[in-house]
Amino acid sequence: QVQLVESGGGLVQAGGSLRLSCAASGRTFSTYAMGWFRQAPGKEREFVAVISRSGGWTYYPDSVKGRFTISRDNAKNTVYLQMNSLKPEDTAVYYCAAGNGDLLKKSSYGYWGQGTQVTVSS
């Protein structure tokens, strides 16, 4: 069982930066790959970033590549999402998730946080 709690969201102007954190409970954090997803009003939840269990592999969709960076600290049971050059279209609730398997699919993630709001003003 893994419990996830996100933090770090807020209101930022376009071009600004935010760093999201996701703290995990339990001793099994390092056995899960970790992903970040986001959901804007009226839209489906979409994949933002993923990092492997060891942190040696990451993947991003084109929409955030070069602007977002995912990292993890297994000693602290925490995964981060550094977001730079933010755009109004990045506005959404951001969720972290733990899972394994096909990491680009939401269905591969069995544990989800409650989400943190990110709002980017123009």
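Quick notes on the rules
- Residues numbered from 1 in each chain as written.
- Predicted model: local features only at pLDDT ≥ 70, side-chain atom pairs only at ≥ 80, totals over all residues.
- Heavy atoms only, no water.
- Helix = DSSP H or I, 4+ residues; strand = E, 2+ residues; numbered from the N terminus.
- Rg over C-alpha atoms; globule rule 2.2 N^0.38 Å.
- Contact = heavy atoms within 4.5 Å.
- Areas by Shrake-Rupley, 256 points an atom, 1.4 Å probe, with all protein chains shown as cover.
- Lys, Arg positive; Asp, Glu negative; His and termini not counted.
- Charge placed at Lys NZ, Arg CZ, Asp CG, Glu CD.
- Buried < 20%, exposed > 50% of the residue type's maximum accessible area, 1.4 Å probe, protein only.
- Pairing = 2+ DSSP bridges.
- Core = buried A, V, L, I, M, F, W, Y, C linked by side-chain atoms within 4.5 Å.

Along the backbone of the protein there are zero helices and 11 strands. What you see in the protein, going N to C, is helices and strands ordered as β-β-β-β-β-β-β-β-β-β-β. Its C-alpha atoms give the protein a radius of gyration of 13 Å, within 12% of the compact-globule value 14 Å for 122 residues. Expressed along its principal axes, the backbone C-alpha trace of the protein runs to roughly 40 × 25 × 25 Å. In the protein, of all internal contacts separated by at least 6 residues, the share reaching a separation of at least 24 is 57%. For the protein, the accessible surface area stands at approximately 6200 Å², while carbon and sulfur atoms represent 47% of it. Across the protein, 13 positive and 8 negative side-chain charges occur, with their mean positions spaced 5 Å apart.

Right, let's get into the pairing of strand 8 (residues 78–83). For strand 8, the buried fraction is high: five of the six residues fall into the buried class. Bridge count for strand 3 (residues 18–24) against strand 8 is six bridges, and the pairing is antiparallel. When the sheet's bridge partners are listed, Arg19 is paired in strand 8 with Gln82. Sheet analysis places strand 7 (residues 68–73) next to strand 8, joined by six bridges and oriented antiparallel. Paired with Asp73 across the strands is Thr78, a residue of strand 8. With antiparallel pairing between neighbouring strands as the criterion, strand 7 and strand 8 make up a hairpin whose turn holds four residues, including Asn77 at a positive phi of roughly 55°.

Let us now look at the environment of Trp57. Take Trp57: it is sitting in the loop between strand 5 (46–51) and strand 6 (58–59). Separated by 51 residues in sequence, Trp57 and Glu6 have C-alpha atoms that sit 22 Å apart. Every residue in contact with Trp57, bar those within four places of it in the chain, is listed here: Val50, Ile51, Ser52 and Leu103.

Within the largest apolar cluster, 28 residues are counted, with the highest numbers of intra-cluster contacts made by Met34, Trp36, Leu81, Met83 and Tyr94. Residue assignment for this core shows that the elements contributing at least two residues are strand 3, strand 4 (33–39), strand 5, strand 7, strand 8, strand 9 (92–99) and strand 11 (116–121). Not counting chain neighbours up to four residues away, the residues in contact with Met83 comprise Gly16, Ser17, Leu18, Leu20, Arg67, Phe68, Tyr94 and Val118. Judged by nonpolar contacts, the second largest core, of seven residues, contains Phe37, Phe47, Val50 and Ala97.

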